[in-house]
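Structural description and commentary
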Number of protein chains: 2
Amino acid sequence: MLHVAEAARVSVATVSALINGTATVSPELSARIEQAIRDIGYKRNAIARSLKMGTTRTIGLTVPHITNPFFTAVVSVIQQAFDRAGYAVMLCCTDEDLNTQDDQIRLLLDRMVDGLIVARVGDGAILERIVADANVPVVLMDRLCEGVDTDAVVLDNQRAVFDVISYLIDLGHRRIGYITGTSDISPMHDRMTGYCEALQAAGLPVAEELVRSGNFHEIDGYNATMQLLSLHDRPSAIFSANNPMVIGTMKAIRDIGLSCPEDISVACFDDFPWSDVFQPQLTTVAQPVQAIGEQAANLLLDRLAGNRDTPPRKLVLKGRLMIRNSCRPLGAVQSVSA
Amino acid sequence: MLHVAEAARVSVATVSALINGTATVSPELSARIEQAIRDIGYKRNAIARSLKMGTTRTIGLTVPHITNPFFTAVVSVIQQAFDRAGYAVMLCCTDEDLNTQDDQIRLLLDRMVDGLIVARVGDGAILERIVADANVPVVLMDRLCEGVDTDAVVLDNQRAVFDVISYLIDLGHRRIGYITGTSDISPMHDRMTGYCEALQAAGLPVAEELVRSGNFHEIDGYNATMQLLSLHDRPSAIFSANNPMVIGTMKAIRDIGLSCPEDISVACFDDFPWSDVFQPQLTTVAQPVQAIGEQAANLLLDRLAGNRDTPPRKLVLKGRLMIRNSCRPLGAVQSVSA
DNA sequence: TGACAGGATCGAAACGTTTAGATTAGCGTT
DNA sequence: AACGCTAATCTAAACGTTTCGATCCTGTCA
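A brief structural summary. Treat the numbers as computed from the prediction; the structure is a model and nothing was measured.

Conventions adopted
- Residues numbered from 1 in each chain as written.
- Chains lettered and ligands numbered in written order.
- Predicted model: local features only at pLDDT ≥ 70, side-chain atom pairs only at ≥ 80, totals over all residues.
- Heavy atoms only, no water.
- Near = heavy atom within 4 Å.
- Polar contact = N/O pair within 3.5 Å; in protein donor to acceptor, adjacent residues only side chain to side chain.
- Helix = DSSP H or I, 4+ residues; strand = E, 2+ residues; numbered from the N terminus.
- Nonpolar A, V, L, I, M, F, W, Y, C, P; charged D, E, K, R; others polar.
- Buried < 20%, exposed > 50% of the residue type's maximum accessible area, 1.4 Å probe, protein only.
- Contact = heavy atoms within 4.5 Å.

Looking at the protein's contact with DNA strand C
Taken together, the neighbourhood of DNA strand C is formed by 23 residues, with Thr14, Thr24 and Ser26 of chain A together with Met1 and Ser16 of chain B sitting nearest. Sugar and phosphate atoms constitute 74% of the interface atoms of DNA strand C, taking the interface as everything within 4 Å of the protein. At 2.6 Å from a phosphate oxygen of DNA strand C is found a side-chain nitrogen or oxygen belonging to Thr14 of chain A. At 3.2 Å, a side-chain N or O of Asn20 of chain B approaches a phosphate oxygen of DNA strand C. Within the residue set of the surface near DNA strand C, elements represented by two or more residues are α2 (12–20) and α4 (46–53) of chain A together with α2 (12–20) and α4 (46–53) of chain B. Top contributing element to the surface near DNA strand C by residue count: α4 of chain B, with 4 residues. Class assignment for the residues of the surface near DNA strand C results in 10 nonpolar, 7 polar and 6 charged.

Shown next, in the form of structure tokens:
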């Protein structure tokens, strides 16, 4: 900018005024300055600007796994929203690990992000303190966090699980395997509640051995399914808590020589684009990814626009049961291969 | 840092020296400074540091679509690599659009990223000039770009397409539909060459009407497939250029009332985690995502480490044909439903 | 004619670091 | 005792902006 000012024979203050439109500058000088900018190929240094202004127009976004199509979709929506608003987004993947997550968030705060969207924080993270220290707005996604009282958008997990389990019960299933996530509290609890409620509403017992938990990876789903399938009285249906885990479930079913839905019915959390073109077409609980992403972005953009003192807002969205052909009705006759 | 210095009764220079280990500071002062840092809860301002040092320890990464599992996987690998190296990564999605891409890259350069990984640039982008202006190292991924002479890691597209088409020919297919991408030159050309070579090697003609192009979206694959399937003498196999497009292909096949592989064989570019658990299990050309991501990261990290004057390096990786059950051999007897 | 308002322009401080070079203190040599 | 050497510490400039307040100019009005 100094060079531009010199070339245009004006002060840097005038150049700044012209660029930002913060003061009127005469047509004559404007022309000279614009010419100089073009000649020199001047680009404003955003770092210097950030230092002075105290804002980076950059936000941080952490997700557990970008390879999970649910998060991929949400990230995509969020990215677009902030792009439109002129913000850049720094993406971090925490791999479902608490320490990694803390590190990532520190990294982001070090970079002076203006705000933070944290997807699926684990409980017990020092997030609480980190967030209190750094004075930036935070919005939680997909999972609340004990002790962190801030904007959030989550799914009505209890209801979603209730719906899908009820659907399976309606089909005639009595023993329903349930593979859930670990290292969390609030959604785990909600989903478990939904599972139990659905069973109880149908007068069915909650069998301990039918509930397995894993750390959201494919291998966890695989192992959990293997355990469920080797039970003496194995379940006739399995509900898996996310997309990577249900892939593990399907692999386990295949490896053990069974098939879906003939021998065992499967449903899962999170829809994906190809769910209705391959067989079996999975019955899923679709999360409203578009809405989740947009709402999260809006909550944060609102804070960034200066609205700092309204109390934390919690948005609870509804899932939608997408019934396809991976769950079969259980008639009087049991599955042939059973 | 000023407050810390005051609290510890030393100069800021000493504080800086201690924090960065750039000079020895006496145990006595060290203790005082560390205490002050703890008391105040001081965190170094990375923006100020960046301004002074001229480096942000942040890189920019652009991909066409983060919802495409191929890019998702690569992004994940790259993210991890830079994470390990203490770099943050800013992610942008260009949506296969040239202008968007230019905008995104400008946004990233404005943010003073230290380097850039650009996946799948379209030709004709002003990338060339942008890159020349900004003085940061750039590595190209997945697609080269005329006029931009810089580090790159790409697939041997010609060979990959040759292999998969040859495979289809070996199965007995004679009319093979080919759905490729648009808005590119070099890989389009390479892949087309591979397609033609495979046909010619088998003494088969290249039929214009069997080649369709689309802009990499699901809908493009759908439309292209619809066109192919409504040909008078429709192809017995279709090769689709990426994952979103092959989903479109599968939907078109379904909607038109055909099934794969009974009525029509399908293969595509890019493997994905669930490819062998659902039916049909797609035959694909798997790109070595891990290697691609790592190599791209390494190339850039090497430049960032200061190696600026070795000439541009082009890495060409090999794809791998993953044969599954979405392509059936064409015997003497035609498909029953045909 | 002189005071004054208002617009255009500028000078300089500030943002929070890093770092080159100056200063100081301590200590062994001659 | 004077000297130089080293290690520890400090002073101050610099990075490239923004912005407050000062200055300058022009024209208007009493």
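With respect to the environment of Ile66 of chain B
Mapped onto the fold, Ile66 of chain B is located in the loop between β1 (58–63) and α5 (69–84). Judged by relative accessible area, Ile66 of chain B falls into the buried class, the value being 1%. In sequence terms Ile66 of chain B and Asp95 of chain B are 29 residues apart; their C-alpha atoms lie 8.8 Å from each other. Apart from residues lying up to four places away in sequence, Ile66 of chain B is in contact with Ile66, Thr72, Val75 and Ser76 of chain A together with Thr72, Leu91 and Cys93 of chain B.

Re the protein's contact with DNA strand D
Inspection of the region around DNA strand D gives 22 residues, with Ser16 and Arg49 of chain A together with Thr14, Thr24 and Ser26 of chain B positioned closest. Restricting the count to atoms of DNA strand D within 4 Å of the protein gives a sugar and phosphate share of 72%. Contacts to DNA strand D include Ser16 of chain A, whose side-chain N or O atom sits 2.7 Å from a phosphate oxygen. Measuring from a phosphate oxygen of DNA strand D, one finds a side-chain N or O atom of Arg49 of chain A at 2.8 Å. The set of elements that each furnish at least two residues to the surface near DNA strand D consists of α2 and α4 of chain A together with α2 and α4 of chain B. When residues of the surface near DNA strand D are assigned to their parent elements, the largest contribution, 4 residues, is made by α4 of chain A. Considered class by class, the residues forming the surface near DNA strand D number 10 nonpolar, 7 polar and 5 charged.

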